[in-house]
Amino acid sequence: MNSGRTFAVMAVLLLLVVVANNSLFIIKETERAVKLQFGEVVNPDLKPGLHFKLPIVNSITKFDGRVQTLDSRPQDYLTLEKKRLIVDSFVKWRIADVKTYYTATSGDEFRAADLLASRMDTRLRNKFGRRTLTEVVSGDREEMMVQLTKELTEITQQELGIEVVDVRVKRIDLPTEVSQSVYDRMRTEREREARELRSKGNELAEGIRADADRQKTVILAEAFREAEQIRGDGDAVAASTYAQAYQKDPEFYSFYRSLNAYKDTFNSKNDVMVLEPGSDFFKYLNAAGGNGLAN
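Note that this is a predicted model, so its numbers are computed, not measured.

What counts as what
- Residues numbered from 1 in each chain as written.
- Predicted model: local features only at pLDDT ≥ 70, side-chain atom pairs only at ≥ 80, totals over all residues.
- Heavy atoms only, no water.
- Helix = DSSP H or I, 4+ residues; strand = E, 2+ residues; numbered from the N terminus.
- Buried < 20%, exposed > 50% of the residue type's maximum accessible area, 1.4 Å probe, protein only.
- Contact = heavy atoms within 4.5 Å.
- Areas by Shrake-Rupley, 256 points an atom, 1.4 Å probe, with all protein chains shown as cover.
- Pairing = 2+ DSSP bridges.
- Axes fitted to C-alpha atoms, helices over the stretch in contact; angles between N-to-C directions.
- Phe/Tyr/Trp six-rings, centres within 6.5 Å; stacked < 30°, edge-to-face > 60°.
- Patch = residues over 30% accessible without salt bridge, like charges linked within 9 Å, V, L, I, M, F, W, Y side chains within 5 Å.
- Salt bridge = Lys/Arg side-chain N within 4 Å of Asp/Glu carboxyl O.
- Expected span 1.5 Å × (residues − 1).
- Left-handed = near helix turned anticlockwise from the far one by under 90°.
- Nonpolar A, V, L, I, M, F, W, Y, C, P; charged D, E, K, R; others polar.
- Arc of directions from axis to C-beta.
- Polar contact = N/O pair within 3.5 Å; in protein donor to acceptor, adjacent residues only side chain to side chain.

*Asks:* Teacher, can you tell me more about the overall build of the protein chain here?
*Replies:* Scanning the protein chain for helices and strands turns up eight helices and nine strands. When burial is assessed residue by residue, the protein chain has 22% of its 295 residues classed as buried. Of all intrachain contacts in the protein chain linking residues separated by at least 6 positions in sequence, the fraction that spans at least 24 positions is 62%. Summed over its atoms, the accessible surface of the protein chain is roughly 21000 Å², and 55% of this surface lies on carbon and sulfur atoms.

Below, the structure is given as C-alpha cells:
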C-alpha cells in the first residue's frame, strides 16, 4: 500500500510539473509577445513577467523587442541630373505594434526585413531623384534623412507595426566610369569660384588702397597747412621782435646786420664779389678803415 501510494503521489507531482511547464511562461524585458488561441490573436501585447496559458489551446509567439539594424546592400540611384550613384545605407527599427507586426509578417524577422527594405528602397529612390548631386553629397542630406525617417515610420507603423528609429547613408560612391568626369567638373567649378573670389578681393584691395592714398593726401595737406600757419606765426613774431629791437637802437641794429652779412659773405675763400668800393655794403668796413688810418 505504501509503495502504491508513493507512486501515485510521484505521478501526480510529475503531472503537475508537466502541466506547469506547459502552462507557465516568462516574457523577458527585451521581448514582445502575442498569445494565440487556435491561431487567433487573443492578447496582442503581453507585458514582461510570468504568464499563464492553456496547453494545446494557447500558443505564445515571442519577438525581439530591442532596436534592430537592417544593413541594406548598396543600391544604384539616379539624381535629378540623371547621375547614377551607388548608395550604401542602413535603417534601425523596432516593433511598435505587436499585433500588426505579427499579422503582416507572421512573426518572421527575415520577412519583416525584406518588407522594410523594399519600402526604404522606394523612398530613397524618390528622395535622390528630386535632388542634384551637390545637394545629395554636401547639401541637405541630413534634412533628407530626417524627412525619410519620418515618412518611413508613418508607413511602416500602419502596414508593418514597425517604428523606424533612424535612417542613415553610410557611403555614396560614383560609378568608376563617371567619377573622373564629375571630379573634373567639380574642380573646374571650384577654380571658377576661386577666380571670382580673387577678383573681388583685388577689387576690394584697390578700393582700400585708394582710400588710404586719399587719406594720406588729406593728412599731408592738413599737416602742410598747419606747418605753414605755424611758420607764418613764427615769422610774424620774429619780425615784431626785430622791429622792436630796431626801434631801440637803429644804428646798432644796422651794424649787427652788416656784421652777419660780412660773416656769411666771406665764409668761403672761393667766393668772388664785384662791387664798387663806395657801396653801402662796405660802409662799416670803410668806416673802420678810416678810423684805423686816422689813428
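*Asks:* Explanation requested: the sheet that holds strand S2 (residues 31-37) in the structure shown.
*Replies:* Two strands in a sheet stick together by hydrogen bonds in their backbones, pointing the same way (parallel) or opposite ways (antiparallel). If you walk across this open sheet you meet the three strands as S3-S2-S5, and the pairing is antiparallel. The sheet is open, and its two edges are formed by strand S3 (40-43) and strand S5 (58-64), each paired on a single side. For this sheet, the mean angle separating the axes of adjacent strands, direction not counted, is 40°. Pairing geometry for S2 and S5, over seven bridges, is antiparallel. Looking at the pairing, Val34 lines up with Thr61 of S5. On the sheet, helix H2 (residues 98-105) packs against S2, S3 and S5 and is oriented at approximately 70° with respect to S2.

*Asks:* What am I meant to see in the packing of aromatic side chains here?
*Replies:* For the structure shown, the criterion picks out four aromatic pairs. Geometrically, the ring pair formed by Phe63 and Tyr101 is edge-to-face, given 5.3 Å between the ring centres and 85° between the ring planes. Of this pair, Phe63 sits in strand S5 while Tyr101 sits in helix H2, placing them 38 residues apart in sequence. When sorted by exposure, Phe63 lands in the same class as Tyr101, which is buried. Among the aromatic residues, those joined into a ring-pair cluster are Phe63, Trp93, Tyr101 and Tyr102.

*Asks:* Help me understand unusual backbone geometry, please; the structure alone is not making it clear to me.
*Replies:* Trans is the common state for peptide bonds, and a negative phi is the common state for residues other than glycine. One non-glycine residue, Lys82, lies in the positive phi region at around 65°. With respect to the secondary-structure elements, Lys82 resides in the loop between strand S7 (75-78) and strand S8 (84-95). Of the residues examined, Lys82 reaches a relative accessible area of 65% and is grouped as exposed.

*Asks:* Would you explain a nonpolar patch on the surface in this entry?
*Replies:* Together, Leu24, Ile26, Leu50, Phe52 and Leu54 line one region of the surface with nonpolar side chains, adding up to about 510 Å² of accessible area. Here Leu24 is to be found in strand S1 (residues 24-27).

*Asks:* When you look at the environment of Leu115 in this model, what are you seeing that I'm missing?
*Replies:* Mapped onto the secondary structure, Leu115 falls in helix H3 (residues 109-129). Each C-alpha atom, one on Leu115 and one on Ala104, is 9.3 Å from the other, the two residues being eleven residues apart in sequence. Among residues more than four places away in sequence, those in contact with Leu115 are Ala104, Thr105 and Leu160.

*Asks:* Would you take a moment to explain helix H5 (residues 141-159) for this structure?
*Replies:* Side chains three or four residues apart in an α-helix point the same way, a direct result of the helix having 3.6 residues per turn. For H5, which comprises 19 residues, the first-to-last C-alpha distance of 26 Å matches the rise-based estimate of 27 Å (1.5 Å per residue) to within 8%. Each element contacted by the buried residues of H5 is listed here: H3 and strand S9 (162-173). One or two positions beyond H5, positive phi appears at Gly161, with a value near 70°.

*Asks:* Would you mind showing me how to read the packing of H3 against H5 here?
*Replies:* At a minimum axis separation of 10 Å, H3 and H5 run at an interaxial angle of 145°. Along this stretch, H3 crosses H5, giving a crossing that reads as right-handed. Listed contacts from H5 to Leu116, Arg119, Met120, Arg123, Leu124, Lys127 and Phe128 of H3 are Met144, Met145, Gln147, Leu148, Glu151, Leu152, Ile155, Thr156 and Glu159. For the contact of H3 with H5, a count of residues per class yields nine nonpolar, two polar and five charged.

*Asks:* For this particular structure, what's the right way to read H2?
*Replies:* Turning to H2, its buried residues number three or more, namely Val98, Tyr101, Tyr102 and Thr105. One face of H2 carries all of its buried residues, which in axial projection span an arc of 95°. Packed against the buried residues of H2 are S2, S3, S5, S8, H3 and S9. Regarding H2, its N-cap is Asp97, as a side-chain oxygen of that residue lies 3.2 Å from the backbone nitrogen of Lys99 further along. A positive phi of about 60° marks Ser106, the residue just after H2.

*Asks:* Looking at this structure, how should I read the environment of Val34?
*Replies:* Along the chain, the position of Val34 falls in strand S2. Residue Val34 is classed as buried on the basis of its relative accessible area of 0%. For Val34 and Pro44, which are ten residues apart along the polypeptide, the C-alpha to C-alpha distance reads 4.8 Å. The contacts of Val34, once residues within four sequence positions are left out, are Asn43, Pro44, Leu46, Ser59, Ile60, Thr61, Phe63, Val98 and Tyr102.

Distances and angles like these do not, on their own, reveal function.
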